Amino acid sequence: MVKKIIDRWLEIYAARVHSMRSSAARDLMSTASRPDIISFAGGMPAEESLDDEAFRQAVLNVVKNSSGRAFQYGPTEGFYEVRELACRLMRRSGLKVHPDEVLITAGAQQALDLIAKTFIDEGDEIIVEAPSYVGALNAFRVFQPQVISVEIEDDGINVDSLQTTLQSKSVPPKFIYLIPNFQNPAGVTISMEKRKKIAALATDYNVLVIEDNPYGEISFEGKQLPTLRSMCDNVIYLGSLSKIISPGLRVGWIYAPLPILQKINLAKQGADLCSSSLSQLVALEYLSLIDLDEHLEKIRKLYRERCEAMLQALEEFFPDEARWTKPDGGFFIWVTVDAEIDTGDMLSLALEKKVAYIPGSSFYYGAGGQKSMRLSFSNPKPDQIYDGIERLAGVLKEQIALSKSIYGF
């Protein structure tokens with residue numbers, strides 16, 4: 001009887017459900033969070049970056065002074081003063097924005113879902129970096145697009161390949177999705193020269209660009225290149241408090257031309273009516289209690305030290321067959337191995353050694369990344385990073401030796 005019910009469920013699921021894939025990072029969360037595991041898997045902010053006392057005070061202040069708003073429905077686009085806050089934060093990146101051009105979302109992840117829902121019909125073409133953020137790939141996948149992947153280089157997406165792709169299309173793809181700063185998963189940053197070319201291509205081919213910028217403020221030297229949005233009108237810009245303040249608040253935003261924003265607003269009404277009023281007001285209050293510049297300097301120093309610890313450990317322990325990116329900010333390092341191995345198959349062996357990472361294939365829409373892995377340095381402490389990389393290097397060396405014994409090279 002149970003089997004008949006389950007078989008019936010399979011018959012009535014929407015066709016798009018069968019294309020959904022789970023996120024490797026989310027699947028690993030329970031395992032990687034075990035206290036005996038050194039995890040380089042999740043891109044979680046360091047616990048030390050969270051000001052517990054300021055958060056406690058912010059929550060108390062909101063409950064005491066604004067409970068009538070905090071526990072009530074709010075406007076779909078978000079509270080006006082929270083949209084003003086997003087505008088102030090974007091001004092730090094050189095953007096001049098009016099609150100009416102901003103929509104508050106439940107993190108940038110919801111923004112990606114709303115954009116996909118607003119723009120993608122089944123079979124539509126979109127362009128993504130290869131590798132790209134798995135959360136975006138999964139948000140897009142639900143709507144069954146045709147995904148064109150363009151490889152990245154040390155200074156960002158290959159713009160020659162991007163131009164060739166655009167030239168070959170009689171109808172422009174619906175959009176190009178990019179993470180310009182300290183990209184997830186590779187940690188690379190799109191150079192100024194390439195930003196200019198991307199802006200020109202977007203204008204020449206009248207194609208929309210989605211600029212996802214959760215890591216821009218986590219520049220180890222505190223310097224940011226101009227945003228794509230500042231260089232081109234054909235850009236939807238996504239921001240978030242998750243990496244610089246707290247992912248638990250789930251406060252992000254979309255900055256887009258008004259006609260686009262109005263359509264996305266309709267999609268959000270159908271999704272959740274409005275973002276959490278409590279989270280928005282706590283975020284606003286928290287940022288009124290701290291010195292943001294001081295806070296950002298603190299977390300930049302913290303993540304710079306952890307990145308340096310990982311790079312040093314990689315240099316010391318990893319085999320000659322491995323190469324990796326050297327980020328100037330953000331949370332991630334991308335490792336590629338010049339040997340016949342599969343990092344997906346290797347993961348179970350790494351977990352036996354009490355160390356976790358995300359296999360590179362998770363960050364490709366189709367095939368790719370089997371010889372790569374994403375390592376996050378943001379959450380573990382430097383001594384854990386050193387220990388974990390040594391453990392992982394041992395597993396990797398064993399797999400390379402086994403590969404050479406089988407394939408002879």
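The coordinates are above.
Residues numbered from 1 in each chain as written. Predicted model: local features only at pLDDT ≥ 70, side-chain atom pairs only at ≥ 80, totals over all residues. Heavy atoms only, no water.

J.: Kindly report on the side chain of Gln110, identifying the contributing residues and their values.
T.: Residue position: Gln110 is located in helix α6 (residues 107–119). Excluding anything up to four places from it in sequence, Gln110 contacts Thr105, Lys268, Ala271, Asp272 and Ser275. (Helix = DSSP H or I, 4+ residues; strand = E, 2+ residues; numbered from the N terminus. Contact = heavy atoms within 4.5 Å.)

J.: I'd like a description of the packing of helix α3 (residues 52–65) against helix α11 (residues 277–289), backed by residues and values.
T.: Running from N to C, α3 and α11 point in directions that differ by 125°, and their axes come no closer than 8 Å. For the element pair α3 / α11, the angle class is oblique. Two packed elements cross with a definite hand, and for α3 against α11 that hand is right-handed. Contacts between α3 and α11 involve Ala54, Phe55, Gln57, Ala58, Val59, Asn61 and Val62 from the former and Leu278, Leu281, Val282, Glu285, Tyr286 and Leu289 from the latter. A per-class count over the contact of α3 with α11 returns ten nonpolar, two polar and one charged. (Axes fitted to C-alpha atoms, helices over the stretch in contact; angles between N-to-C directions. Parallel < 35°, antiparallel > 145°, perpendicular 65-115°, else oblique. Left-handed = near helix turned anticlockwise from the far one by under 90°. Nonpolar A, V, L, I, M, F, W, Y, C, P; charged D, E, K, R; others polar.)

J.: Just give me the short version of the packing of helix α8 (residues 159–167) against helix α9 (residues 192–204), but keep the residues and values in it.
T.: Where α8 contacts α9, the two axes come as close as 10 Å, and the packing angle between them is 5°. Here α8 lies roughly parallel to α9, going by the angle between them. Of the residues in α9, those touching α8 at Val159, Leu162, Gln163 and Leu166 are Lys194, Lys197, Ile198 and Leu201. Within the contact of α8 with α9, the residues separate by chemical class into five nonpolar, one polar and two charged.

J.: Account for the pairing of strand β8 (residues 235–240), naming residues and giving values.
T.: β8 sits mainly inside the fold: six of its six residues count as buried. The sheet contact formed by strand β7 (residues 208–212) and β8 spans four bridges and is parallel. By the bridge assignment for β8, Ile210 is matched with Ile236. Sheet topology places β8 next to strand β9 (residues 252–255); four bridges connect them, and they run antiparallel. Across the sheet, Leu238 pairs through a bridge with Ile254, a residue of β9. (Buried < 20%, exposed > 50% of the residue type's maximum accessible area, 1.4 Å probe, protein only. Pairing = 2+ DSSP bridges.)

J.: Can you lay out the environment of Glu217 for me, pointing to particular residues and giving the numbers?
T.: Tracing the backbone through its elements, the reader meets Glu217 in the loop between β7 and β8. Each C-alpha atom, one on Glu217 and one on Glu305, is 16 Å from the other, the two residues being 88 residues apart in sequence. Filtering out sequence-adjacent residues up to four positions away, Glu217 remains in contact with Leu89, Arg92, Gln224, Ile244, Leu296 and Arg300. A distance of 3.4 Å separates a polar atom in the side chain of Glu217 from a polar atom in the side chain of Gln224. (Polar contact = N/O pair within 3.5 Å; in protein donor to acceptor, adjacent residues only side chain to side chain.)

J.: Give me the lowdown on helix α10 (residues 258–272), citing residues and values where you can.
T.: Between its first and last C-alpha, α10 extends 21 Å over 15 residues, near the 21 Å set by a 1.5 Å rise per residue. Where α10 is buried, its residues contact β2 (102–105), α6, β7, β8 and β9. Looking one or two residues beyond α10, the residue adopting positive phi is Leu273, at roughly 70°. (Expected span 1.5 Å × (residues − 1).)

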